[in-house]
Amino acid sequence: MTLVLFPVPSGLRGRVEDVVVDTAARGPGIATLLANETLRIAREAGARTVDLTSRPDRTAANRLYERLGFRARGSTVYRFPLEPAR
């Protein structure tokens with residue numbers, strides 16, 4: 001799990017990227033421990049919010065995020081693909 005903290009005019013924000021728990025290690029709550037520690041770090045750093053994205057078909061992950069208190073936002077994510085410099 002990667003936490004990115006970045007300042008914006010309205011305050012410090014956090015973003016979670018790359019949540020990965022090996023298939024063999026899933027089940028005993030490792031993702032919950034990782035997420036809670038990540039949120040603790042963000043809170044102590046003074047972040048106002050922490051965002052993440054998850055595909056709809058990742059039902060177990062989405063249930064986890066909701067149990068932890070993450071709320072789905074009514075927004076659309078756009079991505080502009082940049083070609084690598086040649």
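Computed from a predicted structure; not experimentally measured. (Residues numbered from 1 in each chain as written. Predicted model: local features only at pLDDT ≥ 70, side-chain atom pairs only at ≥ 80, totals over all residues. Heavy atoms only, no water.)

Asker: Is there a simple way to explain the pairing of strand S1 (residues 2-8) in this structure?
Answerer: Successive residues of a regular strand alternate their side chains across the two faces of the sheet. Bridging between S1 and strand S2 (residues 11-17) involves seven bridges; their strand directions are antiparallel. In the strand pairing of S2, valine 4 is matched with arginine 15. (Pairing = 2+ DSSP bridges. Helix = DSSP H or I, 4+ residues; strand = E, 2+ residues; numbered from the N terminus.)

Asker: Help me understand the nonpolar core in this model?
Answerer: Soluble globular proteins tend to pack their nonpolar side chains together in the buried interior. Counting residues in hydrophobic clusters, the biggest one holds nine residues: Val16, Leu39, Ala42, Ala47, Val50, Ala61, Leu64, Tyr65 and Phe70. Of all the elements in the fold, those that place two or more residues in this core are helix H1 (30-45) and helix H2 (59-68). Considering every element that reaches this core, the biggest residue donor is H2, with three residues. Alanine 47 has contacts with Leu5, Leu12, Arg13, Gly14 and Ala42, leaving out every residue within four places of it along the chain. (Core = buried A, V, L, I, M, F, W, Y, C linked by side-chain atoms within 4.5 Å. Buried < 20%, exposed > 50% of the residue type's maximum accessible area, 1.4 Å probe, protein only. Contact = heavy atoms within 4.5 Å.)

Asker: Can you help me understand the sheet that holds strand S3 (residues 49-51) in this one?
Answerer: Hydrogen bonds between backbone groups are what pair the strands of a sheet, and the pairing can be parallel or antiparallel. Read from one edge of the open sheet, three strands run S1-S2-S3, paired in mixed fashion. Each end of this open sheet is capped by a strand with a single partner; those strands are S1 and S3. Neighbour-to-neighbour, the strand axes of this sheet turn through a mean angle of 25°, independent of strand direction. The pairing of S2 with S3 spans three bridges and is parallel. Bridge assignment links arginine 15 to a residue of S3, and that residue is aspartate 51. Where H1 meets the sheet, its contacts fall on S1, S2 and S3, and the angle it forms with S1 comes to roughly 20°. (Axes fitted to C-alpha atoms, helices over the stretch in contact; angles between N-to-C directions.)

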